[in-house]
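Residue-level structure breakdown
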Amino acid sequence: MRRVHAELRGFGHTVNRERVERLMRREVIEGRHLCRRRCTTVPDRLAPPAADLVRRDFTAGSLDEKWCGDITYVQVGSTWLYLACVLDIRSRRVGCWAGRWPRTCGPSWSSTRSRWRWRLAAATSRE
């Protein structure tokens with residue numbers, strides 16, 4: 001809508017931005033998105049679902065009883081950093097984490113065990 005408004009103004013038409021927006025909405029005209037959405041995860045439809053080991057009970061009576069983890073990616077400048085972390089359910093503190101750049105992701109996460117930064121000793125000694 002902003003580009004249509006700018007182009008109309010460039011051609012010498014005096015038109016309000018809200019009017020352009022209203023007319024485009026009435027005619028069901030949408031702008032083309034230049035950034036194409038990327039599909040980062042392709043699920044295997046034949047694979048069995050992962051086992052629910054905690055049975056959706058995210059409470060813990062003591063430290064080190066239950067852990068959960070997540071893998072995500074964060075944009076850093078013009079590239080992405082893949083970040084994996086493990087959390088203690090009781091204290092909600094990060095137990096360990098590892099980050100990898102996608103261009104250098106040759107071996108799997110498990111083979112980079114020395115890169116995991118463990119913070120458990122500090123987390124458990126405070127409680």
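Residues numbered from 1 in each chain as written. Predicted model: local features only at pLDDT ≥ 70, side-chain atom pairs only at ≥ 80, totals over all residues. Heavy atoms only, no water.

Our next topic: the environment of W80. With respect to the element layout, W80 can be found in strand β2 (residues 79–88). With a relative accessible area of 30%, W80 lands in the partly exposed category. The spatial distance from the C-alpha of W80 to the C-alpha of W101 is 6.6 Å, given a sequence separation of 21 residues. (Helix = DSSP H or I, 4+ residues; strand = E, 2+ residues; numbered from the N terminus. Buried < 20%, exposed > 50% of the residue type's maximum accessible area, 1.4 Å probe, protein only.)

Attention shifts here to the pattern of salt bridges. With the rule as written, the count across this model stands at five salt bridges. Taking the shortest distance from any N to any O, the salt bridge between D57 and K66 comes out at 3.4 Å. Judged by relative accessible area, D57 falls into the partly exposed class, the value being 35%. What makes K66 buried here is its relative accessible area of 16%. (Salt bridge = Lys/Arg side-chain N within 4 Å of Asp/Glu carboxyl O.)

The next point concerns the pairing of β2. Bridge count for strand β1 (residues 67–76) against β2 is ten bridges, and the pairing is antiparallel. Bridge pairing in β2 places D70 opposite C85. Linkage of β1 to β2, two consecutive antiparallel strands, is achieved through a turn of two residues, within which G77 is found at a positive phi near 65 degrees. Taken together, the six bridges between β2 and strand β3 (residues 94–100) define a ladder with antiparallel strand orientation. (Pairing = 2+ DSSP bridges.)

With that settled, consider the packing of aromatic side chains. According to the stated counting rule, one finds two aromatic pairs in the structure shown. Centroid distance Y73 to W80: 5.1 Å. Interplanar angle 75 degrees. Geometry classified as edge-to-face. For Y73, a relative accessible area of 37% translates into the label partly exposed. Ring geometry for Y73 against Y82: centres 6.1 Å apart, planes inclined by 55 degrees, an arrangement best described as tilted. Feature note: the residues Y73, W80 and Y82 constitute an aromatic cluster, connected by ring pairs. (Phe/Tyr/Trp six-rings, centres within 6.5 Å; stacked < 30°, edge-to-face > 60°.)

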